[in-house]
Amino acid sequence: VQLQASGGGLVQAGGSLRLSCAASGRTFNMYTVGWFRQTPRKEREFVATIKWSDSSAYYADSVKGRFTISRDNSKNTVYLQMNSLKPEDTAVYYCAADRNIISSSRTLDVAYDYWGQGTLVTVSS
């Protein structure tokens, strides 16, 4: 499966952005999809994930209550709605997918086989 992340940009603190992760190549609705982010000074960190089976979502504590992950299987797309953005949310955001994610590995980037190219989110203070 090929993933294409988009929607990044420059936004002021307190603003919103919606990222999209569009998939092609295979039936996307069998894949768990996760969002991760990375800055030059940090390792890649987990943001959110959504299961293929029941669309249940799981979030990092740092974004809980501000970010919402959702999916539209008819469009082969997963979204990350980001509200109340903070300067510390500035990062390159990546979407990732895999068919064999279990609960204990859903926050681990090494568990995901397929990755998009990343989209830059910059939040100014």
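Calculation notes
- Residues numbered from 1 in each chain as written.
- Predicted model: local features only at pLDDT ≥ 70, side-chain atom pairs only at ≥ 80, totals over all residues.
- Heavy atoms only, no water.
- Helix = DSSP H or I, 4+ residues; strand = E, 2+ residues; numbered from the N terminus.
- Contact = heavy atoms within 4.5 Å.
- Buried < 20%, exposed > 50% of the residue type's maximum accessible area, 1.4 Å probe, protein only.
- Pairing = 2+ DSSP bridges.
- Salt bridge = Lys/Arg side-chain N within 4 Å of Asp/Glu carboxyl O.
- Disulfide = S-S within 2.5 Å.

(A) Structural context of the environment of Phe46. Tracing the backbone through its elements, the reader meets Phe46 in strand S5 (residues 45-50). Separated by 15 residues in the primary sequence, Phe46 and Asp61 have C-alpha atoms spaced 9.9 Å apart. Contacts of Phe46, omitting those with residues within four sequence positions, involve Trp35, Phe36, Tyr58, Tyr59, Ala60, Arg106 and Thr107.

(B) Local environment of the pairing of strand S1 (residues 2-6). Burial of S1 is one-sided: the residues Leu3 and Ala5 facing one way are buried, the residues Gln2, Gln4 and Ser6 facing the other way are not. By the bridge criterion, five bridges tie S1 to strand S3 (residues 17-24) in an arrangement that is antiparallel. Residue pairing for S3: Ala5 is matched across the bridge by Cys21.

(C) Representation of the pattern of salt bridges within the structure. For the structure shown, the criterion picks out five salt bridges. With a closest N to O distance of 3.2 Å, Asp109 and Arg44 form a salt bridge. Taken as a pair, Asp109 in the loop between strand S9 (91-98) and strand S10 (114-115) and Arg44 in the loop between strand S4 (32-38) and S5 lie far apart in primary sequence, 65 residues in all. Across the salt bridge formed by Asp61 and Lys64, the nearest N and O atoms sit 3.1 Å from each other.

(D) Up close: the state of the cysteines. For the coordinates displayed, the defined rule picks out one disulfide. The disulfide bridge from Cys21 ends at Cys95, spanning 2.2 Å between sulfur atoms. Between Cys21 and Cys95, the S-S torsion sits near 75°, and that sign places the bridge as right-handed. Of the two residues, Cys21 is situated in strand S3 and Cys95 in strand S9; the sequence distance between them amounts to 74 residues. Cys95 carries the same exposure label as Cys21, and that label is buried.

(E) Main features of the pairing of strand S8 (residues 77-82). Taking burial as the measure, the six residues of S8 include five buried ones, the bulk of the element. Inspection of the sheet shows S3 paired to S8 by six bridges, in the antiparallel sense. Looking at the pairing, Ser20 lines up with Tyr79 of S8. Where strand S7 (residues 67-72) meets S8, six bridges bridge the pair, whose relative direction is antiparallel. In the sheet register, Phe67 faces S8, and the bridge partner there is Met82.

By themselves these figures say nothing about function.
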